[in-house]
Amino acid sequence: MDLSKTFSSVCINFFDDAKGRICKKMVASAEVMSYNENEELGFGPYNGGMIPMFNAMIETLKANPRKIVFTEGHDARILEATARLVEGGFLTPILIGNVEEVKANAAKGGFNIEGVEILDPATYEGMDAMVEKMVELRKGKMSAEDCRKALSKGNYFGTMLVKMGYADSLLGGATYSTADTIRPALQLVKTKKGAHLV
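The residue numbering used here restarts from 1 in each chain and proceeds along that chain's sequence as written. Side-chain atom pairs in this predicted model are given and counted only at pLDDT of 80 or more, local residue features only at pLDDT of at least 70, and totals for whole chains, interfaces and linings cover all residues. Computation of side-chain values covers all heavy atoms of the structure but excludes hydrogens and water.

A. How the structure looks around the overall build of the protein. To qualify as a helix, a DSSP run of H or I must reach at least 4 residues; to qualify as a strand, a run of E must reach at least 2; elements of each kind are numbered from the N terminus. Check the secondary structure of the protein and you find 10 helices and four strands. Considering only intrachain contacts with a sequence separation of at least 6, the fraction spanning at least 24 residues in the protein is 60%. Method for areas: the Shrake-Rupley scheme with a 1.4 Å probe, in which residue coverage is limited to the protein chains shown. Carbon and sulfur atoms make up 50% of the accessible area of the protein, which totals about 10,900 Å². Should any heavy atoms of two residues lie within 4.5 Å, those residues are counted as being in contact.

Structure below.
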């Protein structure tokens, strides 16, 4: 799993609109920014190696630590990305899943996730408060029972961690479909006022 996917999930939070759009464009098409693009955005010229924009992003993240939730903590690709983040020290990962399964899969793949927080919806102590908040956000469209059932899944659980301020961003889609990854965000976090595209 390429860390550029992790970068793309958080870049909007740390750069202005112009830089965010350039980042998403680059991640999506694997383009290398030209000298002029780097200069215009204040990143300096590209001379090979790590793209200057990513260097700037990493430094920003190191200076302002952020938490990123991975909704599919058991997946080998997510565990590989987590191990890289642990080594890099510029984002704090949170894995969602059964603790024993996540640790077993990490050990099987040789991924170091020592010290990483793993949250299991089935045993999460703050579940009642989360259910209450989700019922409020859904405004009568889902009962408490419906919300509790939805929150047993990593996509909804992770989204609520972000909504309630426990984490700053979320990455999903390793096993969830795009629709199942985006739907909870649209329902719970919602788009910025005036936004017309998702």
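B. The arrangement of the confidence of the model for the protein in detail. Confidence of the predictor at the level of single residues is given by pLDDT, which spans 0 to 100. Of the residues in the protein, 73% reach a pLDDT of 70 or more, and the chain-wide mean stands at 80. In the model, residues 1-43 has pLDDT below 50 throughout and makes 86 contacts with residues more than four positions away in sequence or in other chains.

C. The nonpolar core, seen in detail. We define a nonpolar core as any set of buried Ala, Val, Leu, Ile, Met, Phe, Trp, Tyr and Cys residues linked to one another through side-chain atoms lying within 4.5 Å. Burial status follows relative accessibility: with a 1.4 Å probe on protein chains alone, a residue under 20% of its type maximum counts as buried, one over 50% as exposed, and anything between as partly exposed. Among the nonpolar cores identified, the biggest contains 19 residues, and Met134, Leu151, Phe157, Met160 and Leu161 are the most heavily contacted of them. Mapped onto this core, the elements with two or more residues apiece are strand 2 (92-96), helix 7 (127-138), helix 8 (144-151) and helix 9 (154-163). With near-sequence residues (within four places) excluded, Met160 lies in contact with Met130, Lys133, Met134, Leu137, Leu151 and Leu188.

D. How the structure looks around the pairing of strand 2. Of all five residues in strand 2, four are buried; the element is thus mostly enclosed. Taken together, the four bridges between strand 1 (residues 67-70) and strand 2 define a ladder with parallel strand orientation. Across the sheet, Val69 pairs through a bridge with Ile94, a residue of strand 2. In this fold, strand 1 hands off to helix 5 (residues 76-88), which returns the chain to strand 2; that crossover is right-handed. Two strands are said to pair when DSSP picks up at least two bridges between them. Examined bridge by bridge, strand 2 and strand 3 (residues 117-119) share three bridges and lie parallel to one another. By the bridge assignment for strand 3, Leu95 is matched with Ile118. Convention used here: a crossover is right-handed provided that the path from the first strand, over the helix, to the second strand proceeds clockwise when the strands point away from the viewer.

E. Representation of a positive patch on the surface. Residues enter a patch when their relative accessible area is above 30% and they make no salt bridge; the linking distance is 9 Å between like charges and 5 Å between nonpolar side chains (Val, Leu, Ile, Met, Phe, Trp, Tyr). One side-chain nitrogen of Lys or Arg within 4 Å of one carboxyl oxygen of Asp or Glu is enough to make a salt bridge. We treat Lys and Arg as the positive residues and Asp and Glu as the negative residues; His and chain ends play no part in the count. Note on charges: their place is set at NZ of Lys, CZ of Arg, CG of Asp or CD of Glu. Positive charge collects at one region of the surface, where Lys139, Lys141, Lys163 and Lys190 lie side by side. By the secondary structure assignment, Lys141 is in the loop between helix 7 and helix 8.

F. Region of the structure containing the pattern of salt bridges. Counting across every chain of the model gives five salt bridges. With a closest N to O distance of 2.8 Å, Arg84 and Glu80 form a salt bridge. Of this pair, Arg84 and Glu80 both sit in helix 5, four residues apart, which is roughly one turn of the helix. Residue Arg84 is classed as partly exposed on the basis of its relative accessible area of 36%. In this structure, Asp128 and Arg148 form a salt bridge, with 3.0 Å as the shortest nitrogen-oxygen distance. Of this pair, Asp128 sits in helix 7 while Arg148 sits in helix 8, and the two are 20 residues apart along the sequence. With relative accessibility at 39%, the residue Arg148 sits in the partly exposed group.

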